[in-house]
Amino acid sequence: MTRAVKYFWRFFFGCFGLFVLLIIIIQLGWLGAMPDLQDIENPTASLASQVFADDGTPIGKYYIEDRVMTDYRDISPYAIQALVATEDKRFYNHSGIDPVSLGRALFFLGREGGASTITMQTAKNLFTENWSTKNFLLRSIQKLKESIIAIKLESNFTKEEILTLYLNTVAFGDNVYGIRNASKTFFQKEPDRINVEEAAVLIGMVNGPGIYNPRTNPKRAMDRRNLVLNRMVTKQYLPAADAAVLKKKPIQLNYKKLDENNGLGPYFRMILGEEMKKWCREHKKNNGDNYDLYRDGLKIYTTINPSMQIYAEEAVARHMNYLQKLLNSQDNIKTGTVWKGYDHVLEAAMKQSERWKNFTKEGWEEEDIKKSFFEPVNMRVFAWNTARGKDTLMTPYDSIKYHRQMLQTGFIVMNPMDGQIKAWVGGIDYKTFKYDHANINTKRQVGSTMKPLLYSLAIEEAGFTPNTTVYDNQQSFGSFGLVPATPKTCTGAAMPMALALAKSRNCATAYILKQLDNNGNNGAQRLIDFLRKCDFQSTIPPYPSIGIGAVELSLYEMMQGYSIFPGRGFSAKPMYITRIEDRNGNVLANFVPVRKEVISDVTAYSVIKMMQGVMTNGTGVGIWGYDMPAGLEIAGKTGTTNDNSDAWFMGYTPQLLAGVWVGADDRFVRFKKESKNGEGGRAAMPIWAYFMRKAAADPACGIDTKMTFNRPEDINTDIQIDYTNGNVPIMSGESETGGGVVETGYDAGNTEVIGAESDTSLLGVRPKPSTSAGDQPPAKPADNKTDTKSPANLPPKPPVPAPKKTGGNE
């Protein structure tokens, strides 16, 4: 053996030994963590948690990577064939590493194609997260890791299982991962329903999700699709004649991606997400780690009815578009004088904006930053059109004004028997206005919607009946002063309690509260104790004016409080989750209704009859101008507060309870006091009416328009109420025909109302509401400790001047 040959073999065996040593070092994890056998046998990937409606319809996801798993049997064979033909034509003949591809890659240094197999790519997707480097040495080590893991995968899984793992973990662009998400996003089809050309489009994307995305690069996507079809022909998966026909077809996308801004119930999904994050912090997996909403693939089943949610969102859009036009036509809005004296509110909003924060980080002087807010810039703003947005030229300062002049709303629909929430709308447009006005932390004065709760207490504990005579006189509450504050709203008339509710008489309501005097608390503390029984959690000051609604509560709380009436005396805690499952379908938690008795069935029915009178003889009579279904029994109560700052309507049928609040985030942005457009019957009740009209006509909503409120057995004959006692007027500030003006010719695409700068945090700024305790003397100031905290991702809210102290002015 010559010396050269000896050197050759020494070099060969030396390199081989170093290679084996390198493999051992990699396997031991000395060059970076390697998955152990348990990880290989139980591979995991970050999975999106899915949200389902009450009928199983998917309505949203929470994710970092938008990925949902599917089974091999649920994947179209076209997708499997296209993948093998395009990415690894010898897939069924190798054990994780393809010697032919490896040799070609080494010989041509990757110029004629890489050496990765489907199995190696699966290993990379599952176990080599965040590997990205152009360093040749590091990339070579990574390839060795992939190869070792690939061999282990081949030893533990069948070819079908490896294909499934790959298609469940590969990226398809637009932050969409997995074949099921891709087929649903790009074609609105389940992965077993896609045809051959759709499969070719999707598989064509895996080699370059951004480059071959048919939404953003249709020409490249079509060329890539045709290449995939050609390779399917070569692999004899597809006849050449069929491929020739398919290559002439354009790509027919049906693109729809579920994200936080799109899809059904975005405000609801935000609230649900916060609740689920709390649940995850309180619950652990078998390995001791907390659940991760964004990675663990939880399945969250909710109470939302898809049809009701759609009708609720449509009702809000229809009415709020119309209402905003009315507000915009008001003089002080058109001229901008509504902002006189409120420069500090606008300045606070400027300083909380992303624009301000970014310029501050860049070292700008404060005066220069302020100047920038008065220079027109191109921006995307909110508009009441189909797209809910418009490109325009506007100063950032003006965009703040426009945003804060937008009327907002909260609307919840609930089954009063079990508390299941069926629809939730927290504002006029989630993409632009993230703050949710229906959640438990958003509190506004409730005005006359407090009266049914007070009246039910009087019936339950003080022996009142709907026909008990009450007196519409101003009442003195000792050191607390007079309620109402001015006697001009009092008629001095005697009337049945039911008529006082129908006409929303403040003075008669103060009289009722006075009769509940208990140990010197003038009935106020007794009312508070009753509200606590109904599970109201807000801070409620013990002042007599709370009886006429001078107290801040949330729509969420009002829903639970009002559930005692259609719920036959039982309070139902609002609920929106029925169960939570893990990624494998194992039930982690079940949720059941929580009900408790607060008043008797007789009391509940008595209040129902009085509230039906509100709709037939009082402030809610205008609802019948909205073509309510024949025979539908409706009970409800309007509410209007603070010179039209807040408009309410709480109404129910035998099957559904729904509540509406309407107002601006800044209370000084409102309809003028003399305008009837800001009253509950006109500003809030139409949303309820539009929703109920559509829901009652849809069998999917299950509303029986012939169902009646059940009369308790203890009531032998139905309650008869005389509403003809004199000419008792409706309380000042409320029109008996309040809701009778039907908005005609509605078309969201024809009317544009410019809102606010939609790509900055200006849209998240919401002023902190001030708590008004009503007509108290200076010695007893209102309690301002109500929780008005905004979501954690929003900046702190600037204070605004306290609103004028009034009760409900209906």
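Residues numbered from 1 in each chain as written. Predicted model: local features only at pLDDT ≥ 70, side-chain atom pairs only at ≥ 80, totals over all residues. Heavy atoms only, no water.

### Considering the confidence of the model for the protein chain
Then, number 1: Confidence along the protein chain averages 84 in pLDDT terms, with 81% of residues attaining 70 or more.
Then, number 2: Confidence over residues 735–742 falls short of pLDDT 50; this stretch has 26 contacts with residues more than four positions distant or in other chains.
Then, number 3: Note on residues 744–809: pLDDT is under 50 here. Beyond four places in sequence and across chains, it has 208 contacts. (pLDDT = per-residue confidence, 0-100. Contact = heavy atoms within 4.5 Å.)

### Description of helix α24 (residues 601–617)
Then, number 1: The end-to-end C-alpha separation of α24 is 24 Å, in line with the 24 Å expected for 17 residues at 1.5 Å each.
Then, number 2: Within α24, 13 of the 17 residues are buried, which leaves the element mostly enclosed by the surrounding structure. (Helix = DSSP H or I, 4+ residues; strand = E, 2+ residues; numbered from the N terminus. Expected span 1.5 Å × (residues − 1). Buried < 20%, exposed > 50% of the residue type's maximum accessible area, 1.4 Å probe, protein only.)

### A short note on the pattern of salt bridges
Opposite charge on two side chains permits them to pair, given that their charged atoms come into close proximity.
Then, number 1: The full count for this structure, using the stated rule, is 33 salt bridges.
Then, number 2: The closest approach of N and O atoms between Glu87 and Arg224, which form a salt bridge, is 3.7 Å. Placement of Glu87 in helix α3 (residues 77–87) and of Arg224 in helix α10 (residues 218–234) is noted, with a sequence separation of 137 residues between them. In terms of burial, Glu87 and Arg224 fall into one category: buried.
Then, number 3: When the shortest N-O distance is used, the salt bridge between Arg215 and Asp174 registers 2.9 Å. With Arg215 in the loop between α9 (196–205) and α10 and Asp174 in the loop between α7 (159–169) and β4 (176–177), this residue pair connects regions lying 41 residues apart in the sequence.
Then, number 4: Classification of Arg215 as partly exposed rests on a relative accessible area of 43%.
Then, number 5: Taking the relative accessible area as the measure of exposure, Asp174 reaches 21% and is therefore partly exposed.
Then, number 6: Each member of the salt-bridge network shares a partner with another, and the members are Glu347, Lys351, Glu366 and Lys370. (Salt bridge = Lys/Arg side-chain N within 4 Å of Asp/Glu carboxyl O.)

### With respect to the nonpolar core
Then, number 1: The biggest cluster of nonpolar side chains holds 157 residues, and the ones touching the most others in it are Phe411, Trp424, Phe565 and Phe691.
Then, number 2: A per-element tally of this core places helix α25 (residues 680–697) first, with eleven residues.
Then, number 3: Those residues in contact with Trp424, other than ones at most four positions away along the chain, are Tyr267, Phe268, Ile271, Ile304, Gln309, Phe411, Ile412, Asp436, Ala438, Asn439, Tyr556 and Tyr576.
Then, number 4: One finds Ala79, Tyr166, Val206 and Leu246 within the second-largest nonpolar core, a separate group that totals 44 residues. (Core = buried A, V, L, I, M, F, W, Y, C linked by side-chain atoms within 4.5 Å.)

### Points about the packing of α9 against α10
Then, number 1: Relative orientation of the contacting elements α9 and α10 amounts to 110°, with a least axis distance of 8 Å. Relative to α10, the element α9 is oriented roughly perpendicular. As for the relative orientation of α9 and α10, their crossing is right-handed in sense. Within the contact between the two elements, α9 uses Val196, Glu197, Ala200, Val201 and Gly204 and α10 uses Arg224, Arg225, Val228, Leu229 and Met232.
Then, number 2: Its residues placed into classes, the contact of α9 with α10 shows six nonpolar, one polar and three charged. (Axes fitted to C-alpha atoms, helices over the stretch in contact; angles between N-to-C directions. Parallel < 35°, antiparallel > 145°, perpendicular 65-115°, else oblique. Left-handed = near helix turned anticlockwise from the far one by under 90°. Nonpolar A, V, L, I, M, F, W, Y, C, P; charged D, E, K, R; others polar.)

### Concerning the sheet that holds strand β5 (residues 299–302)
Then, number 1: Strand order in the open sheet formed by five strands is β2-β1-β5-β17-β18, and the pairing between neighbours is mixed. Edge strands, defined here as strands with exactly one partner in the open sheet, are β2 (58–62) and β18 (587–590). Each neighbouring strand pair of the sheet contributes to a mean axis angle of 20°, computed without reference to strand direction.
Then, number 2: Bridge count for β5 against strand β17 (residues 577–581) is four bridges, and the pairing is antiparallel. Following the sheet pairing, Tyr301 is matched in β17 by Arg579.
Then, number 3: Where helix α12 (residues 266–282) meets the sheet, it contacts β1 (49–52), β2, β5, β17 and β18, and its direction lies at approximately 50° from that of β2. (Pairing = 2+ DSSP bridges.)

### Here we look at the sheet that holds strand β9 (residues 421–425)
Then, number 1: Spatially, β9-β8-β22-β21-β20 is the arrangement adopted by the five strands of the open sheet, whose pairing is antiparallel. Each end of this open sheet is capped by a strand with a single partner; those strands are β9 and β20 (635–641). Strand-to-strand twist of the sheet, defined as the mean angle between neighbouring strand axes without regard to direction, takes the value 5°.
Then, number 2: In this structure, strand β21 (residues 646–652) lies alongside strand β22 (residues 657–664), joined through six bridges in antiparallel fashion. From the neighbouring strand, Phe649 faces β22, where its bridge partner is Val660.

### Topic: the state of the cysteines
Then, number 1: For the structure shown, the criterion picks out one disulfide.
Then, number 2: For Cys490, the disulfide goes to Cys507, at an S-S distance of 2.0 Å. On the sign convention where negative is left-handed, the bridge of Cys490 and Cys507, at about -85° about the S-S bond, is left-handed. With Cys490 in the loop between β13 (482–483) and β14 (494–496) and Cys507 in helix α21 (residues 506–515), the pair connects residues that are 17 residues apart, well separated along the chain. (Disulfide = S-S within 2.5 Å.)

### A short note on the packing of aromatic side chains
Aromatic ring pairs: the centre-centre distance and the angle between the two ring planes describe each pair.
Then, number 1: Under the definition given, this model contains 25 aromatic pairs.
Then, number 2: Ring geometry for Tyr562 and Phe565: centres 5.5 Å apart, planes at 85°, overall edge-to-face.
Then, number 3: A centroid spacing of 5.8 Å and a plane angle of 85° characterise the contact between Tyr652 and Phe709, whose relative ring orientation is edge-to-face. Highlighted residues: Tyr652 in strand β21 and Phe709 in the segment after α25, separated in sequence by 57 residues. In terms of burial, Tyr652 and Phe709 fall into one category: buried. (Phe/Tyr/Trp six-rings, centres within 6.5 Å; stacked < 30°, edge-to-face > 60°.)

### Comments concerning the pairing of β5
Remark: a regular strand shows side chains that alternate across the two faces of the sheet.
Then, number 1: As paired strands, β1 and β5 are joined by three bridges and run parallel to one another. Bridging across to β5, Gln50 finds its partner in Lys299.

### Some points on unusual backbone geometry
Then, number 1: Residues Val483 and Pro484 are joined by a peptide bond in cis, for which omega reads -10°.
Then, number 2: One can find Pro484 in the loop between β13 and β14.
Then, number 3: At Asp535, a residue that is not glycine, the phi angle is positive and equals roughly 75°.
Then, number 4: One can find Asp535 in the loop between α22 (524–533) and β15 (552–554).

### Here's the deal with the environment of Asn385
Then, number 1: Topologically, Asn385 is positioned in the loop between β6 (377–381) and β7 (390–394).
Then, number 2: For Asn385, a relative accessible area of 7% gives the class buried.
Then, number 3: A C-alpha to C-alpha distance of 8.8 Å links Asn385 and Asn321, two positions 64 residues apart in sequence.

### Describing α3
Then, number 1: Most of α3 sits out of view: eight of its eleven residues are buried.
Then, number 2: Those residues of α3 not exposed but buried are Ala79, Ile80, Ala82, Leu83, Val84, Ala85, Thr86 and Glu87.

### Some remarks on the side chain of Ser49
Then, number 1: Within the secondary structure layout, Ser49 lies in strand β1.
Then, number 2: For Ser49, a relative accessible area of 0% corresponds to the buried category.
Then, number 3: A distance of 2.5 Å separates a polar side-chain atom of Ser49 from the backbone oxygen of Leu293. (Polar contact = N/O pair within 3.5 Å; in protein donor to acceptor, adjacent residues only side chain to side chain.)

### Things to note about the environment of Met628
Then, number 1: Looking at the secondary structure, you find Met628 in the loop between α24 and β20.
Then, number 2: In this structure Met628 comes out as buried when scored by relative accessible area, which is 10%.
Then, number 3: Each residue touching Met628, except ones within four places of it in the same chain, is listed here: Ile623, Ile634, Trp688, Ala689 and Arg693.

### Regarding the packing of α3 against α9
Then, number 1: Packing of α3 against α9 brings their axes to within 9 Å, and their N-to-C directions diverge by 45°. Classified by the angle their axes make, α3 and α9 are oblique. Regarding α3 and α9, the two cross each other, and that crossing is right-handed. Residue-level inspection shows Tyr78, Ala79, Ala82, Leu83 and Thr86 of α3 in contact with α9, the latter providing Val196, Ala199 and Ile203.
Then, number 2: Residues of the contact of α3 with α9, tallied by class, amount to seven nonpolar, one polar and no charged.

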